[in-house]
Amino acid sequence: MIKWLLVIGVVAAVYYMFIKKKDSVSGASANTCKKDPQSKTDEAVEEMVECSKCGVYVEIDEAILSNGKYYCSKECLKG
Ligand SMILES: [Zn+2]
């Protein structure tokens with residue numbers, strides 16, 4: 001009986017350490033990741049689009065959309 005308790009105790013300790021380690025790793029990279037499952041969606045939002053003029057890839061947030069085409073800057077939009 002005591003042997004079983006010891007085994008369960010060791011397994012629980014290892015399991016706890018593993019979980020804690022995993023949490024600290026993910027917490028270091030992104031604090032909101034654990035709490036907010038939508039953080040993956042946020043990464044997907046940072047989509048890269050190609051400038052129709054010069055071919056440079058820019059984040060979709062920083063790209064200028066004009067007539068259905070993306071441009072990296074106002075210069076490219078004009079040109
Ligand atoms: Zn451009």
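Residues numbered from 1 in each chain as written. Predicted model: local features only at pLDDT ≥ 70, side-chain atom pairs only at ≥ 80, totals over all residues. Heavy atoms only, no water.

Here's the deal with the environment of Glu50
Okay, step 1: Structurally, Glu50 can be placed in strand β1 (residues 48-50).
Okay, step 2: On the basis of relative accessible area, Glu50 is assigned to the partly exposed category, the value being 43%.
Okay, step 3: Residues Glu50 and Tyr70 lie 20 residues apart in sequence; the distance between their C-alpha atoms is 6.6 Å.
Okay, step 4: Separated by 3.5 Å, the side chains of Glu50 and Tyr57 make a polar contact. (Helix = DSSP H or I, 4+ residues; strand = E, 2+ residues; numbered from the N terminus. Buried < 20%, exposed > 50% of the residue type's maximum accessible area, 1.4 Å probe, protein only. Polar contact = N/O pair within 3.5 Å; in protein donor to acceptor, adjacent residues only side chain to side chain.)

Notes on the environment of Tyr70
Okay, step 1: Turning to its location among the elements, Tyr70 is positioned in strand β4 (residues 69-71).
Okay, step 2: According to the relative accessible area criterion, Tyr70 is partly exposed, its value standing at 26%.
Okay, step 3: Taking the C-alpha atoms as reference, Tyr70 lies 9.0 Å from Val58; in sequence the two are 12 residues apart.
Okay, step 4: If near-sequence neighbours (up to four positions away) are discounted, Tyr70 is found in contact with Val49, Glu50, Cys51, Ser52, Ile60, Ala63, Ile64 and Leu65. (Contact = heavy atoms within 4.5 Å.)

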